[in-house]
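The residues making up each chain are set out below.
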Amino acid sequence: KQWYQRRVRAELAGGLYIAPTILGGCTDDMTVVKEEVFGPVLSLLVFDTEEEVIARANNTHFGLGAAVCTDNLSRAYRVISKIEAGSCNINTYNAYPSVLPFGGYKNSGIGRELGAECLNYYSQTKAVYVETGDPWCPFE
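If you're wondering where the values come from, they're calculated on a predicted model, not measured in any experiment. (Residues numbered from 1 in each chain as written. Predicted model: local features only at pLDDT ≥ 70, side-chain atom pairs only at ≥ 80, totals over all residues. Heavy atoms only, no water.)

One finds Ile54, Ala66, Val68, Ala76, Val79, Ile80, Ile83 and Ala85 forming the largest nonpolar core, which totals eight residues. Looking at this core, the elements with two or more residues in it are β3 (65-68) and α4 (73-80). Top element by residues in this core is α4. It accounts for three residues. When residues no more than four places from it in sequence are discounted, the contact partners of isoleucine 83 are Ala57, Asn58, Ala66 and Val68. (Core = buried A, V, L, I, M, F, W, Y, C linked by side-chain atoms within 4.5 Å. Buried < 20%, exposed > 50% of the residue type's maximum accessible area, 1.4 Å probe, protein only. Helix = DSSP H or I, 4+ residues; strand = E, 2+ residues; numbered from the N terminus. Contact = heavy atoms within 4.5 Å.)

Structure representation (structure tokens):
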């Protein structure tokens, strides 16, 4: 473990990096809670009711990902369906098989990557109807 830490520290010297970190005692007004953090950081917040946690989760300009961890799958589906995030997990995090579309809500991106849905981003639909019999024309 120490060899790995020395190697990583040397390779990343001068960068702004953080080791995997769990932040306890977080509050809704903290920057780390309000903004998207792209790194191995978990902010822990305490809640009392489902309604409270849903309102707090949606009280943001972002919505890339969300996760619900619980033994109660009914609760998990109920809560995750009300959270405004594009890529959601239940009882895991950051697991996105390539068949599922990936992307966010709100200011967390436009469009989707992966899955069949991403093809819509790279294509444009055109509808063409061809009459093969005598064409009907009201202007003749």
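What follows is about the layout of surface pockets. Taken as a whole, the largest pocket encloses approximately 1,700 Å³ of empty space. Contributing to the lining of the largest pocket are 41 residues, with Leu42, Ser43, Gly65, Ala66 and Ala67 lying nearest its centre. If you tally residues by element for the lining of the largest pocket, the top one is helix α3 (residues 50-58), at five residues. (1 Å grid on protein atoms, 1.4 Å probe; cavity = no way out; pocket = protein on both sides within 12 Å on 5 of 7 lines; lining within 4 Å. Points joined across faces, edges and corners; volume = space filled by probe spheres on them.)

Turning to its location among the elements, asparagine 89 is positioned in strand β4 (residues 87-90). Not counting the four nearest positions on each side in its chain, asparagine 89 is found in contact with Ala66, Ala67, Val68, Ile80, Asn94, Ala95 and Tyr96.

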